[in-house]
Amino acid sequence: MAAMTAAQSPAGQLLSVRDLAVVFRTRTGEVPAVREVSFDLARGEIFGLVGESGSGKSTVLTALTRMLARNARITSGRIGFDGADLLALREPAMRRLRGDRIGLIPQRPMTSLSPATSIGRQLRWHLDGLDDAGRLKELLGGVGLDALLDRLDGYPFEFSGGQLQRLLIAVAALGKQPDLLLADEPTTTLDATVQAQVLRLLLELRDRVGSAMVFVTHDLGVISQISDRIGVMYAGRLVEVAPARELFAAPRHPYTRALLEAIPVRHRRGEPLRTIPGTVTGANRLSGCPFAPRCPIALDLCREENPAPRETGLSLVRCHRAGEDL
Amino acid sequence: MSVISAERLVKHYRIRSGGRRPDRVVHAVDDVSFELAEGSTLAIVGESGCGKSTIARMLVRLTEPTAGRILVQGRDTVDRRAVQFVSQNPWSALNRRKSIRHALEQPLAVHGLHPGRAARAARVRELLDLVGLTEEYLDRRPGGVSGGELQRVTVARALAVEPRVLVLDEPTASLDVSVKALLVNLLADLRRRLGLSYVLITHEIDIARHLADRVAVMYLGRIVETGDAEQVFTDPRHPYTRALLAAVPGIGSREPAPLLRGEVPSAVSPPPGCRFHTRCPMAVDACARTEAALEPGPDGRRVACLRLDDLTAPPPFLNDPS
Ligand SMILES: Nc1ncnc2c1ncn2[C@@H]1O[C@H](COP(=O)(O)OP(=O)(O)OP(=O)(O)O)[C@@H](O)[C@H]1O
Ligand SMILES: Nc1ncnc2c1ncn2[C@@H]1O[C@H](COP(=O)(O)OP(=O)(O)O)[C@@H](O)[C@H]1O
Ligand code: SF4
Ligand SMILES: [Mg+2]
Ligand SMILES: [Mg+2]
């Protein structure tokens, strides 16, 4: 067997992203939102993505479905999906993939639902065979929405944020049972018990049909429960990738470390939470390490040169000082 | 003194069934009472769909209670200035086509505060300063600033009319860890400097724990447990509170919490007796018939559970920080 690396994963490869770069055209010029992003995903593997707001997580997911905003452009990279070159596919073929093999749970449920159509009708738009009452019950029950069975004629505004989010999870995950599920902060509007139910459901889907997932969240507890490997993004780049356990036990990138220190459970009640000084603004355009302006251990080299990825075993880190004993 | 007293609030939504069936009623909030002490923070936590946002909307008068009343500083009159709202989604709270300057000036204009261009501009600068933003943001539109910055703008906007109370509905839900920490610090700082009181609705138990003095735990339209925040979070009593806290994922934990068994009941036909009995691991036959009152226990907290006396074993919940 060939040696495995961070960017590669074991046999049963489903997705391979290489050097992906996406820019947005804005009034003030082009914004490089995603740069040099590479990762692989095996069937049945769950890849967690965390990182600063605006670091490009949603852009990566939408690029994978080729549903980027009109002002966005993929400027380089390759996306291999089960042997096909996704970026070369024609739109009808891509649409078929989105129909049953690649599912997306979008970040803002309210904006993905039509406000003037009953939720029952919208469920039927997305899924065939829903007239079978047993199937509907199974679908809603899976996300703890059994109670909505008698309210399907209601419109989105009649439901709570978490109820709508769960409807979209039911459609994308349980309804389509895709080979690749892209979940963009799917549990942020859910309480802990319902969240645990959704996480169990996704893990069960992975075990039963072998779905692979990219799971974006800001919740470090959630990401540690769901992920096999975790990628940390900062200013458009994947700055660290590591197996879940390892990332928490021994974070290597200074941004990852700062992230772990900012969580409230590491503080006494009422004491100000630790934050990361400075801002990410403008970091996408720096020629050196994008974290250098905020990094407590930055060297001159960091400001001048963007660190190349260093791979060790299943991990990857982009930091000039990663090898040092600090 | 209480800055807000909510007395037996009820909100029922009638949903039409189009003639064939009788109209149905969603029991979003049923008989909820609480007090918010001046300068304090009350966290409301609970299951998705249990009525938290509905309470928020009643407090800020976006919707009228079906029954019950809300006293603000002891008075039963509608005061649109004293209680302001910060919603979960800053994008939908602000007009996308208008500048941030407009967002901050508009409430001043509506309430006729700081009349005159110069006075208004000065107040807007003051507001930006309060939330730690600079004037360069004024001419940007909501699309041009990050989520964390925009959430500061919505806080500044809520503060424009000098309210006594902010109702915060999941204010940090979509923010990343470090931006979240900044906002939590900002809220704590504003509370101290301006003597504000908060009603904080959140699914993030760690944030509730960090900011709140008191907490109310809701399940299906009702408060099931309420008391001193530290007490409830370290030693929860109601079986639902226990399940909720036990499900909070600890950093580095590798498995989601086990499921609550049983049917999730509908708010259209809430179960008789204790509303949690269909899923409660402690339920006995009586729970399906009798609803326990929200009784104050010896330690001052209130728990609505028939088996209160058996709920004393110390629970091993909430992962320790170390
Ligand atoms: N306009 C409406 N018409 C009918 N039912 C409604 C309406 N608004 C809310 N509901 C219902 O009332 C109940 C409480 O909703 P609410 O939005 O208050 O929940 P929540 O506790 O804020 O939930 P979440 O944590 O998911 O945001 C839910 O069953 C919801 O579907
Ligand atoms: N439609 C758009 N037009 C212009 N810039 C955008 C658009 N969508 C996202 N961006 C920019 O791209 C970067 C990455 O955004 P996004 O992928 O949404 O980040 P994340 O999901 O990690 O918060 C940010 O700088 C953001 O402002
Ligand atoms: S490369 Fe330098 S600036 Fe960047 S994270 Fe590492 S030490 Fe900090
Ligand atoms: Mg995003
Ligand atoms: Mg809500």
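Residues numbered from 1 in each chain as written. Chains lettered and ligands numbered in written order. Predicted model: local features only at pLDDT ≥ 70, side-chain atom pairs only at ≥ 80, totals over all residues. Heavy atoms only, no water.

Even after reading the chapter, I still don't get the sheet that holds strand β1 (residues 2–15) of chain B, so can you show me in this structure?
Strand pairing in a sheet relies on backbone hydrogen bonds, with the paired strands running either antiparallel or parallel. Residues and elements named next belong to chain B. As summarised here, the arrangement of the 3 strands in space is β2-β1-β4, forming an open sheet in which the pairing is antiparallel. Whereas interior strands pair on both sides, the edge strands pair on one side only; in this sheet they are β2 (24–37) and β4 (67–72). For this sheet, the mean inter-axis angle between neighbouring strands, taken without regard to orientation, is 15°. Relative to β4, β1 runs antiparallel, the two being bridged by 5 bridges. (Pairing = 2+ DSSP bridges. Helix = DSSP H or I, 4+ residues; strand = E, 2+ residues; numbered from the N terminus. Axes fitted to C-alpha atoms, helices over the stretch in contact; angles between N-to-C directions.)

What am I meant to see in the packing of helix α3 (residues 100–110) of chain B against helix α4 (residues 117–130) of chain B here?
Axes are the key here: two packed helices are described by the angle between their axes and the distance separating the axes. Residue and element names in this part refer to chain B. Two elements in contact, α3 and α4, have axes whose closest approach is 10 Å; the angle formed by their N-to-C orientations is 125°. Taken together, the axis directions place α3 and α4 in an arrangement best described as oblique. Along this stretch, α3 crosses α4, giving a crossing that reads as right-handed. Contacts between α3 and α4 pair L104, E105, L108 and A109 from the former with R120, R123, V124 and L128 from the latter. Of the residues that constitute the contact of α3 with α4, the class distribution is 5 nonpolar, no polar and 3 charged. (Parallel < 35°, antiparallel > 145°, perpendicular 65-115°, else oblique. Left-handed = near helix turned anticlockwise from the far one by under 90°. Contact = heavy atoms within 4.5 Å. Nonpolar A, V, L, I, M, F, W, Y, C, P; charged D, E, K, R; others polar.)

I tried to follow the site of ligand 3 on my own but got confused; where do I start?
Lining the immediate surroundings of ligand 3 are 13 residues, of which C289, C295, C302, C319 and H320 of chain A lie closest. Of the residues assigned to the shell around ligand 3, the class counts are 10 nonpolar, 2 polar and 1 charged. (Near = heavy atom within 4 Å.)

What should I look at first to understand the interface of chain A and chain B in this one?
How big an interface is tends to be stated in terms of accessible area lost as the parts join. Across the boundary between the two partners, chain A contributes 57 residues, which contact 55 residues of chain B. Its largest share of buried area at the contact with chain B, chain A owes to R200, Q225 and R269 of chain A, together 15% of the area lost on that side. Across the pair D153 of chain A and R24 of chain B runs a salt bridge, and its minimum N-O distance is 2.8 Å. Applying the counting rule to chain A against chain B returns 18 residue pairs in polar contact (both at pLDDT 80 or more). Among the secondary structure elements, those contributing two or more residues to the side of chain A that touches chain B are α6 (161–175), α7 (192–209), α8 (220–226) and α9 (244–249) of chain A. (Buried area = accessible area lost by both parts, 1.4 Å probe. Salt bridge = Lys/Arg side-chain N within 4 Å of Asp/Glu carboxyl O. Polar contact = N/O pair within 3.5 Å; in protein donor to acceptor, adjacent residues only side chain to side chain.)

Looking at this structure, how should I read a nonpolar patch on the surface?
On the surface, M110, Y155 and F157 of chain A cluster together to form a nonpolar patch covering roughly 340 Å² of accessible area. In this structure F157 of chain A comes out as exposed when scored by relative accessible area, which is 62%. (Patch = residues over 30% accessible without salt bridge, like charges linked within 9 Å, V, L, I, M, F, W, Y side chains within 5 Å. Areas by Shrake-Rupley, 256 points an atom, 1.4 Å probe, with all protein chains shown as cover. Buried < 20%, exposed > 50% of the residue type's maximum accessible area, 1.4 Å probe, protein only.)

Where do I start with the coordination of the magnesium ion (ligand 4) in this structure?
Each angle at a metal carrying four tetrahedral donors should ideally be 109.5 degrees, and each at a metal carrying six octahedral donors should ideally be 90 or 180 degrees. Residues and elements named next belong to chain A. Protein ligation of the magnesium ion (ligand 4) involves S58 (OG) and Q107 (OE1), the donor distances falling in the range 2.0 to 2.4 Å. Taken together, the residues S58 in helix α1 (residues 57–65) and Q107 in the loop between β6 (102–105) and α3 (109–112) connect sequence positions 49 residues apart. We classify S58 as partly exposed; its relative accessible area is 26%. (Donors = N, O, S within 2.8 Å, 3.2 Å for Na, K, Ca; no water.)

I keep staring at the pattern of salt bridges and nothing clicks. Help me out?
A side chain with one charge may pair with a side chain of the opposite charge, provided their charged atoms come close. Residues and elements named next belong to chain B. Scanning the model with the defined rule gives 40 salt bridges over all chains in all. Linking R301 and D299 is a salt bridge whose minimum nitrogen-to-oxygen distance equals 3.1 Å. Given the relative accessible area of 35%, D299 is considered partly exposed. Three or more residues are tied together by salt bridges with common partners; here these are E225, D235, R237, D299 and R301.

How should α7 of chain A be read in this particular structure?
Every α-helix carries 3.6 residues per turn, so stepping three or four residues along brings you back to the same face. Residue and element names in this part refer to chain A. Its 18 residues place the ends of α7 25 Å apart at the C-alpha level, agreeing with the 26 Å of an ideal helix rising 1.5 Å per residue. Within α7, 13 of the 18 residues are buried, which leaves the element mostly enclosed by the surrounding structure. At the C-terminal side of α7, G210 shows a positive phi close to 75°. (Expected span 1.5 Å × (residues − 1).)

Help me understand unusual backbone geometry, please; the structure alone is not making it clear to me.
Where the residue is not glycine, phi is negative for most of them; where a peptide bond is considered, it is trans in most cases. Look at Q177 of chain A: it is not a glycine, yet its phi comes out positive at around 40°. Assignment of secondary structure puts Q177 of chain A in the loop between α6 and β7 (180–184). For Q177 of chain A, a relative accessible area of 28% puts it in the partly exposed group. Despite not being glycine, L220 of chain B has its phi angle at roughly 45°, a positive value. Among the secondary structure elements, L220 of chain B is positioned in the loop between β8 (214–219) and β9 (222–228).

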